[in-house]
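Given next are the chains, with one letter for each unit.
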Amino acid sequence: MTTSTEPWTEEIVEVAGTRLQLVKGGSGAPLLILHDELGHPGWLHFHEALAQQHTLYIPFHPGFGRLEGLDWITNMRDMAGWYLDALDDLGLGPVPAIGLSLGGWLAAEMATMCPGQFKQLVLVGAMGIRPPSGQIYDMFLEVAKQYLTVGYFNSANTPEFQKICPDTPTPEQAEAWEMAREEACRLGWRPYMHYPSLPPLLRRLRKLPTLIVWGRQDAIVPLSAAEVYHTSIPGSQLVVLDNCGHHPEIEQADEFVRHVQAFLS
Amino acid sequence: MFIGYFTERPYQDPKSGYFGATGKPIMDLAVSNDMYDPELGAELYNRYLDEKIYAEEMGFDGLMLNEHHGTPFCMGGAMNVEASILARITHRAKIVLLGNIIPIWDDPLWLVEQLAMIDLISRGRLVSGWVRGTGRESVAHNAPPHYNWERFQEAHEFIVKAWTTSGPFRWEGKHYHFRHVNPWVKPYQKPHPPIWLPGVVSRDSLLWAAKERIPYIMLATEMEPTKQAFQLYHDTAKELGYESGPQNIGYLWKVHVDETEELAEQAGRKYVQGPSNPFLAGNEGTFNPALATLPGLTSRTRVLPTQVVATRARGGAAGVLGRPYEQQIADYTIISGTPKTVLPKIRHVLEYIRPGSIFFWDGDGAMTHDDAMRSLRLMGEEVIPAIRDMAQELELPGPFEVDPATGTRLEAAPVTAQNADSGSGNGAPEIKA
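In this report, the structure presented in the accompanying data block is examined. None of these values were measured; they are calculated from a predicted model.

Re the overall build of chain B
- When helices and strands are counted, chain B shows 13 helices and 13 strands.
- A total of 433 residues make up chain B; the buried ones form 59% of that total.
- A separation of at least 24 residues holds for 76% of the contacts in chain B among residues at least 6 apart in sequence.
- Counting only carbon and sulfur atoms, one obtains 54% of the accessible surface of chain B, whose full area is about 16400 Å².

Dropping the structure here:
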């Protein structure tokens, strides 16, 4: 489904025993982006900015895009195990990666299993840890549009919000959200979007350069979870952005890109 | 014809200021239980049990219970507790559970034991229905909605095996794991209590019922889509090589009988007041749209014709009725009147849908105990006897007259001793294997 006018392409590739929907764009060394619990929202400003120096690899996690998921994947560790196999098949050796929210949890689980898989790791508003104060917002007690709104400190002041969450979503968009919610449910219904043994296992990331980026006003995963990531991963850096909710990559895109580029170089 | 009585046992609290047309609107998950009054709860549980005893006296064949969680419109959060009490304090009527929400429990062996005990204490009067539950049930007990249908099927297979197979045995399924299944209780009825399936929207569930040859009960749906859904059952049965009939299908809807037309209208309007179930067509309350779309709970594509109607009732602006009382009266989803005026309408429903089981949903919403008791008395005196004649004439056998699995006529079982304290017997037919 390649289009000539877009700065990205989309293809279906056979990896790790299934078909994977993969978006690619940009030029330079590969950079893996693991999308959040509502799936890949389309090519946004932060993608375009990062694509100036990297070839972005944005896979749709199994079950999140147009393709069926894998029945045997019933929790995030199953998914992480499958993903490591998939990255082998994609030839993405030690690769820098950005994990967004649920994708951050996925990246963290993969890194505990195989820290050498990543060259650098950026965790953004990552799920996966039960926050010592506050709680992870329950996405299943809201419809997708409401959940998206809660994810921003100021959605009205975020130009790309209308693109991500239009007043009247197309039927295709609504269906994509439902597909994503269903798969997110399989991965994180209980314990809700975290796994209790993740923090002690994160010590394995001590040789992996890790940047943790959080919005100070994150209403989906409270900032207290960022601090646990930070203390659990020796040597990690923590950047907290002001006037920013759960999506620093969208709500404070320029500042986010600046921090990420500085870290990756 | 099998005739059952049902009320959802609403938590009626006029002081609360909540609940439908009589007060502040409610939405699922939006009312805290800090308002719960234990004195009122005690009163209502006992009231609803008293009404069930009276329903049996008035000649109903079945006393139907259902279960919901975390909501004021249905107090049956532990329906099997109510069923256990009925097993002991009633003597003749079937105890019809529609049903246990099997996918939400992580330990179906506990249901194997509970239900077998109810069947024993009632001396074989249990009808054990299953449901998949709505979103609020998955949320209340934190059960994984995306595995609801898989867990439903596996739990059913496990429970039937535990009832019918000598233990010990091991069960290693996808969702349930038991290393030593050997419950020290077995059901009274052989091979096991009849299993029925009520529903509203899921095509998967209805087709499953047809495949398993078990009766499917449609809950408070409009007549035309109900008829279409039942046709799907009959067509599926034919494809599977057996002839289904009225004994395979049941219909629950709102029927109230009263002494005068004025009283009937006053009481009938109370159906759509009070804390009634917003999931079913025409009731008060607002369905939480997130619960309606809990991920994976029901297939988004494999739905029944009745789903459109069920959806119409949900999710409107707070306090706005899905369908007003007058419209429900017009399309017979509510029938309320004197015996003289309700009987022709009931006949129309029976002729149109041709169910072998019917359930009158009464005493609900904001109806009082007196409203419920007047109706029960008149049903016993005038309505039920007339319906039995109608059913004979229209040839609508129930599932205790014709076996839903084989289509063969069942003979009434010999009179068996009932509860020791009653000393009375009855001629309740026995389900044959």
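Details of the overall build of chain A
- Each helix and strand in chain A was counted, giving 10 helices and 8 strands.
- For chain A, whose C-alpha radius of gyration is 17 Å, the value lies close to the compact-globule estimate of 18 Å for 265 residues.
- For chain A, the C-alpha atoms occupy an extent of roughly 45 × 40 × 35 Å along the three principal directions.
- Across the 265 residues of chain A, 58% fall into the buried class.
- When contacts within chain A are restricted to residue pairs at least 6 apart in sequence, those whose partners lie at least 24 apart make up 75%.
- Carbon together with sulfur atoms contributes 51% to the accessible area of chain A, which is approximately 10600 Å² in total.

Here we look at the interface of chain B and chain A
- With 21 residues of chain B at the contact, the number on the chain A side is 16 residues.
- Between chain B and chain A, roughly 1500 Å² of surface is buried when both sides are summed, and carbon and sulfur atoms account for 55% of that area.
- Inspection of the region where chain B meets chain A yields 2 salt bridges.
- Between Asp106(B) and Arg190(A) there is a salt bridge whose closest N-O contact spans 3.1 Å.
- Taken together, the links from chain B to chain A amount to 5 residue pairs in polar contact (both at pLDDT 80 or more).
- When contributions to the side of chain B that touches chain A are tallied by element, the ones reaching two or more residues are helix 4 (135–140), helix 5 (148–164) and helix 9 (289–292) of chain B.
- The residue makeup of the side of chain B that touches chain A, split by class, is 10 nonpolar, 6 polar and 5 charged.

Focus: a positive patch on the surface
- Where like charges cluster on the molecular surface, the positive patch consists of Arg203(A), Arg204(A), Arg206(A) and Lys207(A).
- Position of Arg204(A) relative to the elements: it lies in the loop between helix 7 (198–201) and strand 7 (210–215).

Let's talk about helix 8 (residues 261–269) of chain B
Residue and element names in this part refer to chain B.
- Inspection of helix 8 places Ala-264, Ala-267 and Gly-268 among the buried residues, and these make up the whole buried set. Projected down its long axis, helix 8 carries its buried residues within an arc of 100 degrees, all on one side. In helix 8, the exposed residues that point more than 90 degrees away from the buried face are Glu-262 and Gln-266.
- Taken together, the buried residues of helix 8 touch strand 9 (249–257), helix 11 (325–330), strand 10 (334–337) and helix 13 (369–394).

What to know about the side chain of His35(A)
All names here are of chain A.
- Assignment of secondary structure puts His-35 in the loop between strand 3 (29–34) and helix 1 (45–50).
- Using a relative accessible area of 2% as the deciding quantity, one classes His-35 as buried.
- Leaving out residues up to four positions away in the same chain, His-35 has contacts with His-40, Pro-59, Phe-60, His-61, Phe-64, Leu-100, Leu-102 and Gly-103.

Digging into the packing of helix 6 (residues 203–212) of chain B against helix 7 (residues 223–239) of chain B
Residues and elements named next belong to chain B.
- Helix 7 packs onto helix 6 with a crossing angle of 40 degrees between their chain directions and a minimal axis gap of 9 Å. In terms of axis orientation, helix 6 runs oblique to helix 7. As helix 6 runs across helix 7, the sense of the crossing is right-handed. Contacts between helix 6 and helix 7 involve Arg-203, Leu-206, Leu-207, Ala-209 and Ala-210 from the former and Ala-229, Leu-232, Tyr-233 and Thr-236 from the latter.
- Considered class by class, the residues forming the contact of helix 6 with helix 7 number 7 nonpolar, 1 polar and 1 charged.

What about the pattern of salt bridges?
All names here are of chain B.
- Under the definition given, this model contains 26 salt bridges over all chains.
- For Arg-47, the salt bridge is made with Glu-51, and the minimal N-O distance between the two is 2.7 Å. In this pair, Arg-47 and Glu-51 both sit in helix 1 (residues 38–57), 4 residues apart, roughly one turn of the helix. Of the two residues, Arg-47 and Glu-51, both sit in the buried class.
- The residue Glu-265 makes a salt bridge to Arg-269 at a minimum N-O spacing of 2.9 Å. Residue Glu-265 and its partner Arg-269 are both found in helix 8; the two are separated by 4 residues, about one turn of the helix.
- Given a relative accessible area of 29%, Arg-269 falls into the partly exposed group.
- Overlapping salt bridges, with partners in common, bring together Asp-258, Lys-270, Asp-371 and Arg-374 in one network.

Some words on the packing of helix 1 of chain B against helix 2 (residues 79–89) of chain B
Residue and element names in this part refer to chain B.
- In the contact formed by helix 1 and helix 2, the axes pass within 11 Å of each other and the chain directions differ by 40 degrees. Relative to helix 2, the element helix 1 lies oblique. Pair helix 1 / helix 2 crosses with right-handed handedness. Residues Leu-49, Lys-52 and Ile-53 of helix 1 touch helix 2, and the partners they reach there are Glu-82, Ile-85, Leu-86 and Ile-89.
- Residue classes in the contact of helix 1 with helix 2 are distributed as 5 nonpolar, no polar and 2 charged.

Describing the sheet that holds strand 3 of chain A
Residue and element names in this part refer to chain A.
- Spatially, 8 strands are ordered 1-2-4-3-5-6-7-8 in an open sheet, and the strand pairing comes out mixed. Either end of the sheet is taken by a strand with one partner, and the two such strands are strand 1 (8–15) and strand 8 (237–241). Pairs of neighbouring strands in the sheet enclose a mean axial angle of 25 degrees, with direction left out of account.
- Judged from the 8 bridges that link them, strand 1 and strand 2 (residues 18–26) form a sheet pairing that is antiparallel. Residue pairing in the sheet places Ile-12 in a bridge with Gln-21 of strand 2.
- The sheet contacts of helix 2 (residues 76–90) involve strand 1, strand 2, strand 3, strand 4 (54–59) and strand 6 (118–124), and relative to strand 1 the element is tilted by about 110 degrees.
- Contacting strand 6, strand 7 and strand 8, helix 8 (residues 223–232) runs over the sheet at an angle of about 170 degrees to strand 7.

Notes on the packing of aromatic side chains
- This model, assessed by the stated rule, comprises 24 aromatic pairs over all chains.
- Ring centres of Phe46(A) and Phe256(A) lie 6.0 Å apart, and the angle between their planes is 90 degrees; on these two criteria the pair is classed as edge-to-face. Of this pair, Phe46(A) sits in helix 1 while Phe256(A) sits in helix 10 (residues 253–264), placing them 210 residues apart in sequence.
- What makes Phe256(A) buried here is its relative accessible area of 0%.
- Between Tyr11(B) and Tyr36(B), the aromatic rings sit 4.8 Å apart at their centres with planes inclined by 25 degrees, giving stacked as the arrangement. Highlighted residues: Tyr11(B) in the loop between strand 1 (2–6) and helix 1 and Tyr36(B) in the loop between strand 1 and helix 1, separated in sequence by 25 residues.
- By the ring-pair criterion, three or more aromatic residues cluster together here, those being Tyr5(B), Phe60(B), Tyr251(B), Trp253(B) and Phe360(B).
- Above the face of the Phe400(B) ring, Lys94(B) is positioned so that its terminal group lies 4.5 Å from the ring centre.

Scoring rules and cut-offs
Residues numbered from 1 in each chain as written. Chains lettered and ligands numbered in written order. Predicted model: local features only at pLDDT ≥ 70, side-chain atom pairs only at ≥ 80, totals over all residues. Heavy atoms only, no water. Helix = DSSP H or I, 4+ residues; strand = E, 2+ residues; numbered from the N terminus. Buried < 20%, exposed > 50% of the residue type's maximum accessible area, 1.4 Å probe, protein only. Contact = heavy atoms within 4.5 Å. Areas by Shrake-Rupley, 256 points an atom, 1.4 Å probe, with all protein chains shown as cover. Rg over C-alpha atoms; globule rule 2.2 N^0.38 Å. Buried area = accessible area lost by both parts, 1.4 Å probe. Salt bridge = Lys/Arg side-chain N within 4 Å of Asp/Glu carboxyl O. Polar contact = N/O pair within 3.5 Å; in protein donor to acceptor, adjacent residues only side chain to side chain. Nonpolar A, V, L, I, M, F, W, Y, C, P; charged D, E, K, R; others polar. Patch = residues over 30% accessible without salt bridge, like charges linked within 9 Å, V, L, I, M, F, W, Y side chains within 5 Å. Lys, Arg positive; Asp, Glu negative; His and termini not counted. Charge placed at Lys NZ, Arg CZ, Asp CG, Glu CD. Arc of directions from axis to C-beta. Axes fitted to C-alpha atoms, helices over the stretch in contact; angles between N-to-C directions. Parallel < 35°, antiparallel > 145°, perpendicular 65-115°, else oblique. Left-handed = near helix turned anticlockwise from the far one by under 90°. Pairing = 2+ DSSP bridges. Phe/Tyr/Trp six-rings, centres within 6.5 Å; stacked < 30°, edge-to-face > 60°. Lys NZ or Arg CZ within 6 Å of the ring centre and 35° of its normal.

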